Amino acid sequence: MKIIFFPLLFILFISCADKEKQKASALPRHSAAATLATVLDYDSCKKSILLLKQKNKTGWNKLSKSQKEKIFTGAAAETIIPSWIGTAWDFNGTSEIPQQGKIACGYFVTTVLRDAGLPIARIKLAQCASEQMVTALIQPKYVQRFSNVSIDQFIQAVQQQGFGLYIVGLDNHVGFIYNDGAEIYFIHSTFVGTRNVQKEKAAASWVLGKSKYKVLGKISADEKALNRWIN
């Protein structure tokens, strides 16, 4: 039963973000109806994650680390993050509702993690320097630092670590790295170009490539983070 149940739940959780986009796009973006639709559907995504945690909590210690990593990564990268794509950036943005208001890069990371079910100090961490955020959330053994390396070398390092969700701190920026097993993406609230939340191929990211210093933490591999999430 457990083996059958999880895929069905996972499909449900991914689809909630798609439903939100469809409903909100059918309404004027800044109308009261659009705001209400976004809030309700985003709440349904968060509730689906709560259900996911409840269903997996009893047997959590029997799951392999890779299974735990897939569940957590799916909750953040496939259930919560899609709702935020296209939300406007602002240096002082603190929005908690996708597609409404504006959100800064640090607040984007901490809000996604909180709404994906990880208990964190959203505001305090969002205001930290990027490296401080990474090291506050992730154990040292899962953190790598890169100085003046090419984007190809950085991508290769992510490929070697494999599937999962990472937080990357840059010179003056922070975002997620998502390795879905086939492609590596940089997901961030960007201050250049579109000036909104973007999911782009990491190898082609101007912001990622221009940063001379990178701090990469694989949060989905951190057993302490995973246990905090499930509990």
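Keep in mind that what you see is a predicted model, and the values were worked out from it rather than measured. (Residues numbered from 1 in each chain as written. Predicted model: local features only at pLDDT ≥ 70, side-chain atom pairs only at ≥ 80, totals over all residues. Heavy atoms only, no water.)

Undergrad: Got a sec to walk through the layout of surface pockets? Specific residues and values, please.
TA: Its boundaries defined by the atoms lining it, the second largest pocket holds a volume of some 270 Å³. The wall of the second largest pocket is formed by 16 residues, among which Phe91, Cys105, Gly106, Asn172 and His173 lie closest to the centre. (1 Å grid on protein atoms, 1.4 Å probe; cavity = no way out; pocket = protein on both sides within 12 Å on 5 of 7 lines; lining within 4 Å. Points joined across faces, edges and corners; volume = space filled by probe spheres on them.)

Undergrad: I'd like a rundown of helix α4 (residues 105–115), residues and numbers included.
TA: Among the 11 residues that make up α4, 10 are buried, leaving the element largely enclosed by the rest of the structure. Backbone geometry just downstream of α4 places glycine 117 in the positive-phi region, at approximately 105°. (Buried < 20%, exposed > 50% of the residue type's maximum accessible area, 1.4 Å probe, protein only. Helix = DSSP H or I, 4+ residues; strand = E, 2+ residues; numbered from the N terminus.)

Undergrad: Would you mind going over helix α3 (residues 65–84) in detail, with residue names and values included?
TA: Taking 1.5 Å as the rise per residue, α3 with 20 residues should run 28 Å; its terminal C-alpha atoms sit 28 Å apart, in good agreement. At glycine 74, α3 shows its strongest bend, of approximately 30°. Buried residues dominate α3, accounting for 15 of its 20 residues. (Expected span 1.5 Å × (residues − 1). Bend = angle between axes of the 7 residues up to and from the residue.)

Undergrad: Lay out the side chain of threonine 190 with the relevant residues and their values.
TA: Assignment of secondary structure puts threonine 190 in the loop between β6 (184–189) and β7 (197–201). A relative accessible area of 4% places threonine 190 in the buried class. Here valine 192 takes part through its backbone nitrogen, which lies 3.2 Å from a polar atom of the side chain of threonine 190. Beyond its immediate chain neighbours, meaning those up to four positions away, threonine 190 contacts Trp89, His173, Arg195, Asn196, Gln198 and Val207. (Polar contact = N/O pair within 3.5 Å; in protein donor to acceptor, adjacent residues only side chain to side chain. Contact = heavy atoms within 4.5 Å.)

Undergrad: Can you tell me about the sheet that holds strand β8 (residues 213–217), naming the residues and giving the values?
TA: Read across the sheet, 6 strands follow the order β3-β8-β4-β5-β6-β7 without closing on themselves; strand pairing throughout is antiparallel. Strands at the two margins of the open sheet, each flanked by one partner only, are β3 (143–147) and β7. Direction aside, the axes of adjacent strands within the sheet are offset by 25° on average. The sheet contact formed by strand β5 (residues 174–179) and β6 spans 4 bridges and is antiparallel. When the bridges of β6 are listed, tyrosine 178 appears paired with tyrosine 185. (Pairing = 2+ DSSP bridges. Axes fitted to C-alpha atoms, helices over the stretch in contact; angles between N-to-C directions.)

Undergrad: Tell me what's going on with the pairing of β8, and back it up with residues and numbers.
TA: Side chains on a regular strand alternate between the two faces of the sheet. Among the 5 residues that make up β8, 4 are buried, leaving the element largely enclosed by the rest of the structure. Pairing between strand β4 (residues 164–169) and β8: 3 bridges, direction antiparallel. Residue valine 168 lies in a different strand from β8, and its bridge partner there is leucine 216.

Undergrad: Describe the packing of aromatic side chains, listing the residues and the values that go with them.
TA: Applying the stated criterion across every chain, the model contains 6 aromatic pairs. Taking the centre distance of 5.8 Å and the plane angle of 80° together, the rings of phenylalanine 72 and tryptophan 229 count as edge-to-face. With phenylalanine 72 in helix α3 and tryptophan 229 in helix α9 (residues 223–230), this residue pair connects regions lying 157 residues apart in the sequence. The same class applies to phenylalanine 72 and to tryptophan 229, which are both buried. Ring centres of phenylalanine 108 and phenylalanine 176 lie 5.7 Å apart, and the angle between their planes is 80°; on these two criteria the pair is classed as edge-to-face. Taken together, the positions of phenylalanine 108 in helix α4 and phenylalanine 176 in strand β5 put the pair 68 residues apart, joining distant regions of the chain. Take phenylalanine 108 and phenylalanine 176: they sit in the same class, and that class is buried. (Phe/Tyr/Trp six-rings, centres within 6.5 Å; stacked < 30°, edge-to-face > 60°.)

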